[in-house]
Amino acid sequence: GRLCGAHFDRVFIRRGHYLRGRGEQEMYGLLQDGIKSAGRETPVKIVPESADAIRQAVSRAHKGDLVVVLGDGVPNDIALVNQIRDESLAASAQV
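Bear in mind the structure is a predicted one, so any value in this text is a computation, not a measurement.

A. Representation of the packing of helix α3 (residues 50-60) against helix α4 (residues 74-93) within the structure. One can describe the packing of α3 onto α4 by two numbers: an axis separation of 10 Å at closest approach and a directional angle of 40°. When the interaxial angle is binned, α3 and α4 end up oblique. Like other packed secondary-structure pairs, α3 and α4 cross with a definite hand, here right-handed. Residue-level inspection shows Ser 50, Ala 51, Ile 54, Arg 55 and Val 58 of α3 in contact with α4, the latter providing Asp 77, Leu 80, Val 81, Gln 83, Ile 84 and Glu 87. Grouping the amino acids of the contact of α3 with α4 by side-chain chemistry returns six nonpolar, two polar and three charged.

B. Examining the layout of surface pockets more closely. The computed volume of the largest pocket comes to approximately 990 Å³. Cys 4, Val 11, Phe 12, Val 68 and Leu 70 are, among the 33 residues lining the largest pocket, the residues nearest its centre. Of all the secondary-structure elements, those providing two or more residues to the lining of the largest pocket are α1 (2-7), β1 (11-13), α2 (24-36) and α3. Here the lining of the largest pocket is built from residues that sort into 20 nonpolar, five polar and eight charged.

C. View of the pattern of salt bridges. Tallied over the full model, the rule gives seven salt bridges. One salt bridge connects Arg 14 with Asp 72, and the closest N-O pair in it is separated by 3.3 Å. You can see Arg 14 sitting in the loop between β1 and α2 and its partner Asp 72 sitting in the loop between α3 and α4, a full 58 residues away along the chain. The exposure class assigned to Arg 14 is buried, which follows from its relative accessible area of 13%. Judged by relative accessible area, Asp 72 falls into the partly exposed class, the value being 38%. The structure contains a network of salt bridges with shared partners spanning Arg 15, Glu 24 and Glu 49.

Conventions we followed
Residues numbered from 1 in each chain as written. Predicted model: local features only at pLDDT ≥ 70, side-chain atom pairs only at ≥ 80, totals over all residues. Heavy atoms only, no water. Axes fitted to C-alpha atoms, helices over the stretch in contact; angles between N-to-C directions. Helix = DSSP H or I, 4+ residues; strand = E, 2+ residues; numbered from the N terminus. Parallel < 35°, antiparallel > 145°, perpendicular 65-115°, else oblique. Left-handed = near helix turned anticlockwise from the far one by under 90°. Contact = heavy atoms within 4.5 Å. Nonpolar A, V, L, I, M, F, W, Y, C, P; charged D, E, K, R; others polar. 1 Å grid on protein atoms, 1.4 Å probe; cavity = no way out; pocket = protein on both sides within 12 Å on 5 of 7 lines; lining within 4 Å. Points joined across faces, edges and corners; volume = space filled by probe spheres on them. Salt bridge = Lys/Arg side-chain N within 4 Å of Asp/Glu carboxyl O. Buried < 20%, exposed > 50% of the residue type's maximum accessible area, 1.4 Å probe, protein only.

Following this line, the structure appears as structure tokens:
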């Protein structure tokens with residue numbers, strides 16, 4: 001969490017599949033504490049579902065922004081990012 005707080009302008013926290021024996025709310029709290037420990041005012045939003053979190057992060061990004069996705073469902077996350085890209089390209093082609 002501290003590294004995210006130190007380096008990212010905004011953070012979306014999503015539920016992971018492997019909680020290391022902790023409860024969901026405990027994991028959110030640990031991540032939020034780590035983000036706050038960086039000493040910056042980094043906006044944090046908890047979006048439990050991975051797909052929703054990724055879509056919200058991408059929809060709030062501006063040209064030139066970097067969206068970093070960290071998680072334990074990499075193949076599904078990659079497929080979703082590709083789908084979002086394809087949807088965006090199709091929408092641009094219709095304009």
